Protein chains: 2
Amino acid sequence: MAVTIHDVAKLAGVNSSTVSRVLNGKATITPDTKERVYAAMRELDYHPNSLARSLASGLSGAIGVVVDARDAEAFSNVFFSRSLFAIEKVAQARGYQVIIANGAQSRGGTIEGLMKEHKVDGLILPPTTVKPALMKTIGDFPYVVLGTPDTLRSDTCWVDNNNEQGAEMAVRHLQKMGYQQIAYLGGYQKRGFTKRRVRGYQNVSSGKETILSTDGTSENAYAEAVRELKKESHADAFVCNDNLAAFGLLKACRELRLRIPDDIGIVAFDNYPLAEYVDPPLTIVDIDTAMLGEQTAQLLFRRIENGGGSQQIMLSTSLVIRASSERRKK
Amino acid sequence: MAVTIHDVAKLAGVNSSTVSRVLNGKATITPDTKERVYAAMRELDYHPNSLARSLASGLSGAIGVVVDARDAEAFSNVFFSRSLFAIEKVAQARGYQVIIANGAQSRGGTIEGLMKEHKVDGLILPPTTVKPALMKTIGDFPYVVLGTPDTLRSDTCWVDNNNEQGAEMAVRHLQKMGYQQIAYLGGYQKRGFTKRRVRGYQNVSSGKETILSTDGTSENAYAEAVRELKKESHADAFVCNDNLAAFGLLKACRELRLRIPDDIGIVAFDNYPLAEYVDPPLTIVDIDTAMLGEQTAQLLFRRIENGGGSQQIMLSTSLVIRASSERRKK
DNA sequence: ATCAATCATGCAATCGGTTGCACGATCAAT
DNA sequence: ATTGATCGTGCAACCGATTGCATGATTGAT
C-alpha cells in the first residue's frame, strides 16, 4: 500500500510517534530531528492517511452542508451555490472538507447519519429541517442554520439576511418614487423567509395591501400578475419575492402594454446575474450571499472549536437601484 | 464516547466480529443471533463509526467533485449545480458521500490531497485541471472528467455533451428559418467547449463566418453585438455561446431597434430557467445536465468497483425552439 | 455409526495514525 | 558537585471497525 508513518519513521531513524509530533507540531522536537523527518517525508512523498488520523483524534475534518431539494432547481439556486462557494473557501482555509448532502428524500436520516457515523464535525442546515424531532437527536452537536428557523429556540445558532428590513426598504423606495398602490408578488407563503418579507411589506405599506402568492414558478407569477393588472384599479408597483416572479411580471406587463417604470414599478429580491440585463434592468434587494456563507461557516467553526455559546447573526440587505423603479415623472 | 461495536456485542452476548458480519451481511449468521444483534443495535441506537470502518476497509466512502472556480459565479453556474444535484443523487443511493472542493487556488494540491490522504475513493474533475503533471500523480486512481479534456488520452474517462453537434444543429435551424448571415457570439476561445462549439458552427455555416469572442460577460457580449450590428451589412442571426451572451445581444437589439426574430434570429446554448421568460423567449440548445451528472457518477462508480476499462460518453443535445428564431416571414 | 464437508462464531492481528506515561539527557540554580 | 526541572524521544495502548484463520457444532452421505 501507500507510504505510512512507520516508513517515514524508519527512514528518519526515529519512532513513529516522533513523526506524528513533527506532523502536528504539538511537542518540542530538536531542529535536527525535525529536519530529518521532513527530509524523509519529502523523499517518500508521504501523505498522512486522514482516515487513521480521524479515527485516532475523533475528528472527521469535514463539515456537512445539507440542502433540502426535491428538484434540481433548488440546488442550482443562486443563493445556495454562492453561499456554498464562500463556505468552501472558509473550510478549505482551515483544512476542512465540505460534504454536501441532500436531505430531502430521507426524513432526517441523512443528517443523523452524517452526525452519528462521525462523517462530519459540524453541520450547516437549512431552516426547513429544523424540527423538534431533529433537535432532539442532534443534541449538542455543533450546527448552524443558514436562514431563520421557523421554530425559534434561543440555543440555536443561525445566520440570515434581514428579509423584513429588505422588504421595508423596497416598499419605502417605491413610495418615494411616487407609486401609490404597491403589491407583493410571488413566494410560497409557508416558507419562513417569504413570510418575513411579506411582514416587512405590511409594516410600511400605506395603500391597499395586495399579496399575490404563487407556487414559486415564473408561470404562476405571470398568471397572478395578469389577473391583478386586468383589474379596474390595479397595483402600480410590485415587490417581487424573487427574480423568477419578476420575470413573470415583466412578461405580463409586456403583454398588457404597460410600461415600466412609468406605469408599473418593480423591485425584486435577489441579484441574479441577469437582473441587470433584462428590459428594463431590475431594481434589486441585494443579499450578500458571500458574506452569508462566510459568516455561517465561521460561526460553525467557532462552535466546533469552543463549543461556545449560541449566536444569531442577521445581515442587512442593500438596495441596488436600476431603471425598473425609477419613474421619470410623477 | 459513543456506542461502539463492542457495546453491541456485549449486549447481544456475541463477539464484535459477529456484529461486524451481521452489519455487512458477508457471512452466514444464525437467524437467532442476527435478531439478537439487531435488537441490541436498536436498543443502543448504534451507528457504526464510519471512520473506523474506512480505515479498516481502506475505502473512504466518499467521492470528490472538484470545481475550478476563481469567483462565486462559476460556482453558481447552472450547469455545475444541476450536474452536482444528479451526482449527489447517485452517490447517496450507493451510500457514498460527496465532497466538493475548489481546485482553483492551489495548483493541483487540492486534488492530490483528496487522493493521497485517502479522503475520497474517486474524483470527478473539470477539464481545466487535466494536465500532464496531474495525470502523473493521479496514476490509476479512479477519476472521470466532466467535460472533454483538452489533452486527449485514450485511457482518460470523460462524459460530455456533444457541443459540436449542438452548434451544427443551431446553425442548421437558423438556416432553415431563412437567416442568411449567421454569426457566433460569446465565449472565451481558450475554453475547450467553446472551441468545439465554434468548430460546429464552422462545419455548417454557409455564409460569411463571423466569430465574436468575449470574456464571458454580458457586458462584453453587448459591446461586441453593438459593434457588429452597426456595420453596413451585419449578421442577421447569432448563435450565442451561453445565455449571458444572449442577454447582451438582446440588449443591443433593443437599443438599435432591431426586432427579434424578424430582423435578427437568436439561438443560445444552455437552458437557464429565465430563457423562456425574456422577450422574446429564447430558442435554446438544451444540455441534459441531469443526465450528464448521472452518467458521470455512474461511470466513476464503475471504475471504483471494477477498476474497469476506460470509456468516453458523449451525450446529444436537443433544440428547444422558441420565438427568438421563428421568423414569421422570409 | 463414521467421516468429511459445511456452518456459525470467536480470537487476534491489522488498518495508520495519536497520545499518556516513562525515562535518560540536558540545563540552571545553589 | 548535587539536585530538581525541563526537554526530547520511545514504548505501547488505543481509536472502532474488518477479516483470515481456527475451532467446535451441525449436517449429509455412505
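Residues numbered from 1 in each chain as written. Chains lettered and ligands numbered in written order. Predicted model: local features only at pLDDT ≥ 70, side-chain atom pairs only at ≥ 80, totals over all residues. Heavy atoms only, no water.

## A word on the pattern of salt bridges
So, step 1. Tallied over the entire structure, the rule returns 28 salt bridges over all chains.
So, step 2. For the salt bridge of B:Lys116 with A:Asp45, the shortest nitrogen-to-oxygen distance reads 2.8 Å. Of the two residues, B:Lys116 sits in helix α7 (residues 109–116) while A:Asp45 sits in the loop between α3 (31–44) and α4 (50–57), which places them in two different chains.
So, step 3. Through salt bridges with shared partners, a single network forms among A:Asp45, B:Glu112 and B:Lys116. (Salt bridge = Lys/Arg side-chain N within 4 Å of Asp/Glu carboxyl O. Helix = DSSP H or I, 4+ residues; strand = E, 2+ residues; numbered from the N terminus.)

## Focus: the interface of chain A and chain B
So, step 1. With 56 residues of chain A at the interface, the matching set in chain B holds 56 residues.
So, step 2. Of the roughly 5,200 Å² buried between chain A and chain B on both sides combined, carbon and sulfur atoms contribute 64%.
So, step 3. Broken down residue by residue, the surface that chain A buries against chain B is led by A:Leu51, A:Phe85 and A:Tyr277, which jointly contribute 15%.
So, step 4. On inspection of chain A and its partner chain B, the count reaches four salt bridges.
So, step 5. In this assembly, chain A and chain B are joined by 17 residue pairs in polar contact (both at pLDDT 80 or more). (Contact = heavy atoms within 4.5 Å. Buried area = accessible area lost by both parts, 1.4 Å probe. Polar contact = N/O pair within 3.5 Å; in protein donor to acceptor, adjacent residues only side chain to side chain.)

## Some details on the packing of helix α1 (residues 5–12) of chain B against helix α3 (residues 31–44) of chain B
Residues and elements named next belong to chain B.
So, step 1. Two elements in contact, α1 and α3, have axes whose closest approach is 9 Å; the angle formed by their N-to-C orientations is 125°. Relative to α3, the element α1 lies oblique. Handedness of the crossing formed by α1 with α3: right-handed. Residue-level contacts link Asp7, Val8, Leu11 and Ala12 of α1 to Arg36, Val37, Ala40, Met41, Glu43 and Leu44 of α3.
So, step 2. Of the residues that constitute the contact of α1 with α3, the class distribution is seven nonpolar, no polar and three charged. (Axes fitted to C-alpha atoms, helices over the stretch in contact; angles between N-to-C directions. Parallel < 35°, antiparallel > 145°, perpendicular 65-115°, else oblique. Left-handed = near helix turned anticlockwise from the far one by under 90°. Nonpolar A, V, L, I, M, F, W, Y, C, P; charged D, E, K, R; others polar.)

## Some points on the protein's contact with DNA strand D
So, step 1. Around DNA strand D lies a shell of 26 residues, among which A:Thr18, A:Thr28, A:Thr33, B:Ile5 and B:Ser20 are the nearest.
So, step 2. Within 4 Å of the protein, atoms of DNA strand D come from sugar and phosphate in 70% of cases.
So, step 3. In the model, a phosphate oxygen of DNA strand D is placed 2.2 Å from a nitrogen or oxygen of the A:Thr33 side chain.
So, step 4. Within the backbone of B:Asn49, an N or O atom sits 2.6 Å from a phosphate oxygen of DNA strand D.
So, step 5. Of all elements in the fold, only α2 (16–24) and α4 of chain A together with α2 (16–24) and α4 (50–57) of chain B reach the threshold of two or more residues within the surface near DNA strand D.
So, step 6. Looking at the surface near DNA strand D residue by residue, the classes come out as 11 nonpolar, 12 polar and three charged. (Near = heavy atom within 4 Å.)

## Section: the packing of aromatic side chains
So, step 1. Taken as a whole, this structure holds four aromatic pairs over all chains when the rule is applied.
So, step 2. Consider the rings of B:Tyr96 and B:Phe301, whose centres lie 4.8 Å apart with planes at 65°: the pair is edge-to-face. Of this pair, B:Tyr96 sits in the loop between α6 (78–93) and β2 (97–102) while B:Phe301 is found in helix α13 (residues 289–306), placing the two residues 205 residues apart along the sequence. Accessibility classification places B:Tyr96 together with B:Phe301 in one group, the buried group.
So, step 3. Lying over the aromatic face of A:Tyr222, A:Lys251 brings its terminal NZ or CZ to 4.7 Å of the ring centre. (Phe/Tyr/Trp six-rings, centres within 6.5 Å; stacked < 30°, edge-to-face > 60°. Buried < 20%, exposed > 50% of the residue type's maximum accessible area, 1.4 Å probe, protein only. Lys NZ or Arg CZ within 6 Å of the ring centre and 35° of its normal.)

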